[in-house]
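So the chains spell out like this:
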Amino acid sequence: MFGLSEFAIILVVVIAVLAARKLPEVARSAGKSARILKAEARAAKEEPSPGGENRHPG
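Owing to the predicted nature of the structure, the values given are computational and were not obtained by experimental measurement.

Asker: Describe the overall build of the chain, listing the residues and the values that go with them.
Answerer: Of the regular secondary structure elements, the chain holds two helices and zero strands. With 58 residues in all, the chain has 2% of them scored as buried. Of the roughly 5700 Å² of accessible surface on the chain, a fraction of 66% belongs to carbon and sulfur atoms.

Here it is as structure tokens:
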């Protein structure tokens, strides 16, 4: 009947076909998450430290 390699190839093809519908949604979500992370990192960098001192001397 089927060997392990044939089964693996069929499984990969089925997963690719089923995942193709979700790909745009996943890409959109990843982009949104990256933008949020970038904005939070920028805000944390601009935020003064609790002691009133600069975090980056110099």
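Asker: Which residues make up a nonpolar patch on the surface, and what are the values?
Answerer: Side chains of Phe2, Ile10, Val14 and Leu18 sit close together on the surface and give an oily, nonpolar patch of about 390 Å² of accessible area. You can see Ile10 is positioned in helix H1 (residues 4-20). Ile10 gets classed as partly exposed once you look at its relative accessible area, which sits at 41%.

Cut-offs applied
- Residues numbered from 1 in each chain as written.
- Predicted model: local features only at pLDDT ≥ 70, side-chain atom pairs only at ≥ 80, totals over all residues.
- Heavy atoms only, no water.
- Helix = DSSP H or I, 4+ residues; strand = E, 2+ residues; numbered from the N terminus.
- Buried < 20%, exposed > 50% of the residue type's maximum accessible area, 1.4 Å probe, protein only.
- Areas by Shrake-Rupley, 256 points an atom, 1.4 Å probe, with all protein chains shown as cover.
- Patch = residues over 30% accessible without salt bridge, like charges linked within 9 Å, V, L, I, M, F, W, Y side chains within 5 Å.
- Salt bridge = Lys/Arg side-chain N within 4 Å of Asp/Glu carboxyl O.

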